[in-house]
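Spelled out, the chains give:
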Amino acid sequence: MPALPLEEAGKYVAGAYLVFVVLVVVYVAIIGAKVARLERELKTLGDLMEKRAP
Amino acid sequence: MTSALFGRGLSALSIATVCAIAAAFALVFFYAPLDADQGFIQKIFYVHVPMAIVALGGFMAAGVMAILHLRRRDRSWDMRSYVAIHLSIILGVGVLVTGAIWAKASWGHWWVWDEPTLVSFLIVFLLYCTYQPLRFSIEDPERQARYASVFAIVAGAFVPLNFIAVRLAEAYTHPRVLSQTGGNLPGEMRLTFLVALGAMTLLFVTLWKLELTSKHAAEQLRKLRVRLELGADERPAQSGSGYRAPAAAARSASS
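Residues numbered from 1 in each chain as written. Chains lettered and ligands numbered in written order. Predicted model: local features only at pLDDT ≥ 70, side-chain atom pairs only at ≥ 80, totals over all residues.

### Some thoughts on the overall build of chain B
Of regular secondary structure, chain B possesses 9 helices and 0 strands. From first element to last, N terminus to C terminus, chain B shows the α and β order α-α-α-α-α-α-α-α-α. A separation of at least 24 residues holds for 76% of the contacts in chain B among residues at least 6 apart in sequence. (Helix = DSSP H or I, 4+ residues; strand = E, 2+ residues; numbered from the N terminus. Contact = placed C-beta atoms within 7 Å.)

### A short note on the environment of Ala 20 of chain B
Note on placement: Ala 20 of chain B falls in helix H2 (residues 10-30). Ignoring sequence-local partners within four residues, the contact set of Ala 20 of chain B consists of Gly 198, Ala 199 and Leu 202 of chain B.

### Points about the interface of chain B and chain A
Opposite the 31 residues of chain B that make contact, chain A presents 25 residues. Listed by contribution, the elements that provide at least two residues to the side of chain B that touches chain A are helix H3 (45-72), helix H4 (75-107) and helix H8 (187-241) of chain B. The element that contributes the greatest number of residues to the side of chain B that touches chain A is H8 of chain B, accounting for 11 residues. Taken together, the residues of the side of chain B that touches chain A sort by class into 19 nonpolar, 8 polar and 4 charged. (Nonpolar A, V, L, I, M, F, W, Y, C, P; charged D, E, K, R; others polar.)

### A closer look at the nonpolar core
Of all hydrophobic cores here, the largest spans 67 residues; its most connected members are Ala 16 of chain A together with Ile 44 and Ala 196 of chain B. Those elements that provide at least two residues to this core are helix H1 (6-52) of chain A together with H2, H3, H4, helix H5 (116-129), helix H7 (141-169) and H8 of chain B. Of the residues forming this core, the biggest block, 15 residues, is contributed by H8 of chain B. The contact partners of Ala 16 of chain A, leaving out residues within four places of it in the chain, are Ile 44, Val 47, His 48, Thr 98, Ile 101 and Trp 102 of chain B. (Core = buried A, V, L, I, M, F, W, Y, C linked by C-beta atoms within 7 Å. Buried ≥ 20, exposed ≤ 12 C-beta atoms within 10 Å, placed from the backbone.)

### A closer look at the packing of H1 of chain A against H4 of chain B
The packing of two helices is summarised by the inter-axis angle and the distance between the axes. One can describe the packing of H1 of chain A onto H4 of chain B by two numbers: an axis separation of 9 Å at closest approach and a directional angle of 175 degrees. Here H4 of chain B runs roughly antiparallel to H1 of chain A, going by the angle between their axes. Between H1 of chain A, through Ala 9, Tyr 12, Gly 15, Ala 16, Val 19, Phe 20, Leu 23 and Tyr 27 of chain A, and H4 of chain B, the contact on the second element is made entirely by Ile 90, Val 93, Gly 94, Val 97, Thr 98, Ile 101, Trp 102 and Ala 105 of chain B. The class makeup of the residues in the contact of H1 of chain A with H4 of chain B is 13 nonpolar, 3 polar and no charged. (Axes fitted to C-alpha atoms, helices over the stretch in contact; angles between N-to-C directions. Parallel < 35°, antiparallel > 145°, perpendicular 65-115°, else oblique.)

### Structural notes on H4 of chain B
For H4 of chain B, built from 33 residues, the straight-helix expectation of 48 Å at 1.5 Å per residue is met to within 8% by its first-to-last C-alpha distance of 46 Å. Remark: Gly 108 of chain B follows H4 of chain B within two positions and exhibits a positive phi of approximately 85 degrees. (Expected span 1.5 Å × (residues − 1).)

### As for unusual backbone geometry
Positive phi outside glycine occurs at Arg 73 of chain B, with the angle close to 55 degrees. Taking the number of C-beta atoms within 10 Å as the measure of exposure, Arg 73 of chain B has 12 and is therefore exposed.

### Quick look at the confidence of the model for chain B
Residue and element names in this part refer to chain B. Here chain B averages 84 in pLDDT, while 82% of its residues score no lower than 70. Least confident of the elements in chain B is helix H9 (residues 246-254), whose mean pLDDT is 39; most confident is H3, at 95. Confidence drops under a pLDDT of 50 for residues 237-255, and excluding neighbours within four residues, the segment shows 8 contacts in the predicted structure. (pLDDT = per-residue confidence, 0-100.)

What follows is the structure, encoded as structure tokens:
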């Protein structure tokens, strides 16, 4: 097949790089959400320990 | 604390990864020349091929970590292997999607079934997609880790064998990038490709460490919660009759 013109090839190239960026961003967002949940749990445990302290 | 060990150097690694990816993107779009045959569409090569190499490398690294788990009987190596496979599967999704986009632009088809490289990668990807269902179908954590390690070793050995078999098949449709004769990339393209490959490797290591740190912290937190809840249950028994539960007694003795 002959090389695609720049306007048409640009859409494919942008699509491919967008797939990569979206994968990384979604992955980091999921890990970030997990870390935020861990922080909340840690705070709950901290509160629990304060209540139990004499 | 061990979780700090997993997270050690993560900030520096993250900064290095962002810089490397920015450098790779700059080289791809402002330095590497246009391909004489494919034109601008060949730019997909710089994200597709490094992702494929790092994904396959991740699968093999997971096999090595699984060997270390079985040899040392250290569960942390199983966790490392699990996270490496998990990340490689995600990169594998990226490889298949970017490959399909490139194939559509270059060949006019999203997928070509008679191209050995594509089909063999799909087989490897589908093989590893069975890893998580297999792993989580086993309830006993020890057995789960052991069986998962055996899977990771066997599948990890299959990856290079599969790669060699495809090379021996001598298909010419899919371009060869790295070969014993040095491949067919001119200097600027080769440099750009190597930087992109380095950036992708750094990204893999950074995300691997990030997920390991998160998982390890979650595990530590779970243990802490169990200890606290156990302590709360045991307290009335201590104050009431002078009896101390063995776990609580052991803890106070060790502290």
